[in-house]
Amino acid sequence: MRLLLVEDNERFAALLQQGLGTAGFAVDLVTAAKEADGALEAGRWDIVVVDRGLPDGDGLDVLTQMRGRGDATPVLILTARGSLKDRVNGLQSGADDYLVKPFALEELVARLQALLRRPGNLLGLALRLGNLTLDTVGRQVFVDERPIAFSAREIAVLEHLMRRSGRVVAKSLLESSLYGPAQEVGSNAVEVHVHRLRRHLIEAGASVQVHTVRGVGYMIGEGR
Ligand code: CA
């Protein structure tokens, strides 16, 4: 498993690199936010670990940039800040998990392995939930193995929801992944796409449902 570590503290980074290496990860290290942006635009990793306190910015910005590019690689945020507000901010920015320093290496490894075990991350190709399958490479949706035509934006929304099935996906994350951070977006654009997606899933006989979590975002789950 290829892992990108974004951490500016040299000693800590060396310890993590060694420990994660022993646990079977091939670790690449970058030490600043700008460097991380460049690496992530050019390359692909199975999982990314980002420290929040970087010399040239907040690690959350690295994450926001990734999600803005539609990069759904699992990200775990490391931080010395452990307040509830910081944790909520991190998760709302599209982080998959959050670990507060100091922590035990075993806990980091266990959490990374849990993230990699999630649907879609084993091969990174097909996401499955109920009778619904999303081929993330071919950009094709199947219900009971039957191909169903979905628009590119519906598929983009569906991919974000399925990669985090059973968890809330912030509306702001869907917005930035659909339109990019710089674009002007109508206030109900995401609602429109989610509404279409819902109708489409029902018409196709999918055994999954998109729930609205008021004031936060959306969540996909099995059942009607
Ligand atoms: Ca730091």
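Residues numbered from 1 in each chain as written. Predicted model: local features only at pLDDT ≥ 70, side-chain atom pairs only at ≥ 80, totals over all residues. Heavy atoms only, no water.

Peer 1: Can you tell me about the nonpolar core, naming the residues and giving the values?
Peer 2: If you look at the biggest cluster of nonpolar residues, it comprises 31 residues, and the most contacted ones within it are Leu132 and Leu201. Top contributing element to this core by residue count: helix α6 (residues 152-163), with 6 residues. Ignoring sequence-local partners within four residues, the contact set of Leu132 consists of Leu127, Val141, Phe142, Val143, Leu158, Met162, Leu201, Ala206 and Val208. Counting residues in each nonpolar core, the second largest holds 19 residues, with Trp45, Leu63, Val75 and Ala95 among its members. (Core = buried A, V, L, I, M, F, W, Y, C linked by side-chain atoms within 4.5 Å. Buried < 20%, exposed > 50% of the residue type's maximum accessible area, 1.4 Å probe, protein only. Helix = DSSP H or I, 4+ residues; strand = E, 2+ residues; numbered from the N terminus. Contact = heavy atoms within 4.5 Å.)

Peer 1: Go over the pairing of strand β3 (residues 47-51), please, and point to the residues and values.
Peer 2: Where burial is concerned, most of β3 is hidden: 5 out of the 5 residues are buried. Sheet analysis places strand β1 (residues 2-6) next to β3, joined by 4 bridges and oriented parallel. Residue pairing for β3: Val6 is matched across the bridge by Val50. Relative to strand β6 (residues 75-79), β3 runs parallel, the two sharing 4 bridges. Bridge pairing in β6 links Val48 to Val75. (Pairing = 2+ DSSP bridges.)

Peer 1: Tell me about the pattern of salt bridges, and please be specific about residues and values.
Peer 2: Counting across every chain of the model gives 13 salt bridges. Between Asp96 and Arg67 there is a salt bridge, with the nearest N and O atoms lying 2.9 Å from each other. You can see Asp96 sitting in the loop between α4 (84-92) and β7 (97-100) and its partner Arg67 sitting in helix α3 (residues 59-68), a full 29 residues away along the chain. Taken together, the salt bridges that share partners define one network made up of Glu7, Asp51 and Lys101. (Salt bridge = Lys/Arg side-chain N within 4 Å of Asp/Glu carboxyl O.)

Peer 1: Account for the sheet that holds strand β12 (residues 169-170), with residues named and values stated.
Peer 2: Strand order in the open sheet formed by 3 strands is β12-β14-β13, and the pairing between neighbours is antiparallel. Edge positions in the open sheet fall to β12 and β13 (208-213), since each of these has one partner strand only. Examined bridge by bridge, β12 and strand β14 (residues 217-222) share 2 bridges and lie antiparallel to one another. Each bridged residue has a counterpart across the sheet, and for Ala170 the counterpart in β14 is Gly217.

Peer 1: An account of the domain arrangement of the protein chain is needed here, citing residue identities and associated values.
Peer 2: Structurally, the protein chain comprises domain 1 (2-116) and domain 2 (126-222). Spacing between the C-alpha centres of domain 1 and domain 2 amounts to 25 Å. In total, domain 1 and domain 2 occlude about 790 Å² of area from one another, counting both sides; carbon and sulfur atoms represent 52% of this. Across the domain 1-domain 2 interface, the total number found is 1 salt bridge. A salt bridge links Asp96 to Arg164; the nearest nitrogen and oxygen atoms lie 3.5 Å apart. Elements that contribute at least two residues to the side of domain 1 that touches domain 2 include exactly α3 and α4. (Domains from an automatic or database assignment. Buried area = accessible area lost by both parts, 1.4 Å probe.)

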